[in-house]
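Per-entry structural report
What follows is each chain in one-letter form.
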Amino acid sequence: MNGLLPVLIIATSLVPALVTFFLAKDQTGWRNGLNLGGAVLKIALVGFMLAEVGAGTLHETRFLLAPGLALVLRVDALALLFVTLSAALWLLTTIYAIAYFDGTRDLSRFFGFFSLCVAATTGIAFSGTLVTFFVFYELLTLSTWPLVVHKGDAASLSAGRRYLAYTMPGSAALLAAIVWLESAVGPIAFAQPAALEAVDETTLRLVFALFVVGIGVKAALVPLHGWLPAAMAAPAPVSALLHAVAVVKAGAFGLARVVHDVYGIERVAALGLATPLAFVAALTILYGSARALQQVDIKRRLAFSTVSQVSYIVLGVALAGPLATIGGLVHLVHQGLMKVTLFFCAGAFAERAHIHRVDELAGIGPRMPWTASAFSIGALGMIGVPPIAGFVSKWYLGIGALQAGQPWVVGVLVASSLLNASYFLPLLYRMWFLPAPETLPARGPDTRALERPLGLIAPPVATALAALAVGLLAASPISPLAWTTLIVEREYAP
């Protein structure tokens, strides 16, 4: 057992965050160096820990706050799945954000909260108890609000108010669930199943409902999703962070912890809670896709797509079968790679070609071929086109649903995929097959200026290739699918 590494990994984000707040506007080198250096160091430490945890080593740290109250950092395979995604995308999102915000104001404030948000996400992943989870969960809320309102205009401030209007009651529901359950059975750690036998079934069902409401806000479950499309007023790097790295993933991850590590999937099923949770996830999948189809703003279309896609994770967790659980948990990584690609590209289209609406995408493919190609891979992956990552997720969810005796889920997956195709394929058609308007430069040397700087283009290309690679190499022993299979076999197998 090693207690130092979890602290060091959180510190790689927390220390740059705290120092960055005190940097002056013109200390660009220090600001960029601190955040990029922290991101690189974090990836190195996470890579080392992957080898350690893969071999069976346990990492745990305790900080006693008061008698009977401790913050516990515990690293298991599920935690590392989330942290590995977060670490890799933090580095790429930081590179992208440096290029995106070049020369603008308030960057020390932005990058300070940006890194603080990543530190909170890492703390959520490493939380070993419900109380620890709540502490970092709230830190995530407090660190993301300044990012949502970063622009300071009316739309951003309105989005910030809506964000708090949803997340604060959600936090209250989560705290009520924790206090109610721990008052009955004592402190709950994720290391072993909670002793819930002494609690009556009605209480367990009510507490579970509070958990779903409290955490479901960040997971954007319908009808708790309203803050997410509004948050599209934030800059593109923030959207990428919210949708792929931090907030919605923290919600889906939290629900997985509650189902598997607090209640246990057998108890959730025995209480009659698994199927209703699966129904809510299915409703969210279809509703999000249907609403995405109605959006003409590119980022809002992507936002409703996130509402839909994140619930694949919840659906897999709720289906009470090993293959479905694998499909749901691996989508934590797959959706992150694909969705961050789409938001990176949407930001590049907006910044370089002033494209914000679907109907403005005509002809942008040949003018911005690298960005448009990356966007195309991300969109096709979301639809579930093989061999991109999304296909692997949907395949495991489908056969997992049949294994769990829930064939109706296959119909939901088919319907959702058709809706995904309906709202993504028209974008690709416009990009590659319609003529460009005269406002875009003609094809030739002048178009090269659209795909600059490198920091704005390289990250989406890298994440698109990663989404393709994890699908092509899903059978590899180092793929996200292999790691997720290890999680289920080691920790969640019946």
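For the structure, check the block above.
Below is a summary of the structure that appears in this document. (Residues numbered from 1 in each chain as written. Predicted model: local features only at pLDDT ≥ 70, side-chain atom pairs only at ≥ 80, totals over all residues. Heavy atoms only, no water.)

1. Structural notes on the layout of surface pockets
Approximately 620 Å³ is the volume found for the largest pocket. Looking at the largest pocket, it is lined by 26 residues, and the ones nearest its centre are L50, T84, I478, S479 and P480. The element that contributes the greatest number of residues to the lining of the largest pocket is helix α3 (residues 77-100), accounting for 8 residues. Of the residues contributing to the lining of the largest pocket, the split by class is 22 nonpolar, 4 polar and no charged. (1 Å grid on protein atoms, 1.4 Å probe; cavity = no way out; pocket = protein on both sides within 12 Å on 5 of 7 lines; lining within 4 Å. Points joined across faces, edges and corners; volume = space filled by probe spheres on them. Helix = DSSP H or I, 4+ residues; strand = E, 2+ residues; numbered from the N terminus. Nonpolar A, V, L, I, M, F, W, Y, C, P; charged D, E, K, R; others polar.)

2. Considering the pattern of salt bridges
Scanning the entire structure with this criterion turns up 10 salt bridges. Ionic pairing is found between D76 and R257, a salt bridge with its closest N-O pair at 3.0 Å. Linking D76 in the loop between β2 (69-75) and α3 with R257 in helix α10 (residues 247-263), this pair joins segments that are 181 residues apart in sequence. We classify D76 as buried; its relative accessible area is 5%. A residue is classified by how much of its surface remains accessible, and R257, at 2% relative accessible area, is buried. Residues participating in the shared-partner salt-bridge network are E60, R62, R74, D76, R257 and D261. (Salt bridge = Lys/Arg side-chain N within 4 Å of Asp/Glu carboxyl O. Buried < 20%, exposed > 50% of the residue type's maximum accessible area, 1.4 Å probe, protein only.)

3. Focus: empty space enclosed by the protein
The gaps of empty space that remain are located by a probe, the size of a water molecule, rolled over the atoms. Under the definition given, this model contains 1 cavity of 30 Å³ or more. Surrounding the largest cavity, L130, F133, L174, F190, I215, G254, R257, V258 and V262 form its lining. Elements that contribute at least two residues to the lining of the largest cavity include exactly α5 (130-148) and α10. Residue classes in the lining of the largest cavity are distributed as 7 nonpolar, 1 polar and 1 charged.

4. Notes on the packing of aromatic side chains
In the structure shown here, the tally under the stated rule is 17 aromatic pairs. Ring plane angle 25° and centroid distance 5.2 Å describe the contact between F133 and Y137, whose orientation is recorded as stacked. Separated by 4 residues within a single helix, F133 and Y137 lie in helix α5, roughly one turn from each other. The same class applies to F133 and to Y137, which are both buried. Consider the rings of Y429 and F433, whose centres lie 5.7 Å apart with planes at 20°: the pair is stacked. Remark: F433 and Y429 occur in helix α18 (residues 408-433); sequence separation between them is 4 residues, near one turn of the helix. Across the ring face of Y137, the terminal group of K218 is positioned such that the distance to the ring centre comes to 4.0 Å. (Phe/Tyr/Trp six-rings, centres within 6.5 Å; stacked < 30°, edge-to-face > 60°. Lys NZ or Arg CZ within 6 Å of the ring centre and 35° of its normal.)

5. Some remarks on the nonpolar core
Core analysis: the biggest nonpolar cluster contains 172 residues, and F126, F211, Y263 and F349 have the highest contact counts within it. If we skip the residues at most four places from it in the chain, Y263 touches L181, L196, L204, V207, F208, F211, V258, V268 and L271. (Core = buried A, V, L, I, M, F, W, Y, C linked by side-chain atoms within 4.5 Å. Contact = heavy atoms within 4.5 Å.)

6. Quick word on α18
A rise of 1.5 Å per residue sets the reference length of α18, with its 26 residues, at 38 Å; its end C-alpha atoms lie 37 Å apart and thus fit the reference within 8%. Of all the bends found along α18, the most pronounced is centred on F424 and spans about 30°, while P426, a proline, follows it within four residues. Where α18 is buried, its residues contact α12 (274-294), α13 (298-318), α14 (322-353), α15 (364-367), α16 (369-383) and α17 (389-403). (Expected span 1.5 Å × (residues − 1). Bend = angle between axes of the 7 residues up to and from the residue.)

7. With respect to the packing of α10 against α14
The description of two helices packed together rests on the angle between their axes and the distance between the axes. The contact between α10 and α14 brings their axes to 11 Å, and the two run at 160°. One finds that α10 runs roughly antiparallel with respect to α14. α10 and α14 meet at a crossing whose hand is left-handed. Across from K249, A256 and H260 in α10, the residues of α14 making contact are T325, L329, L332, Q335 and G336. Among the residues making up the contact of α10 with α14, the classes are represented as 3 nonpolar, 4 polar and 1 charged. (Axes fitted to C-alpha atoms, helices over the stretch in contact; angles between N-to-C directions. Parallel < 35°, antiparallel > 145°, perpendicular 65-115°, else oblique. Left-handed = near helix turned anticlockwise from the far one by under 90°.)

Remember, this is a structural readout, not a statement about activity or role.
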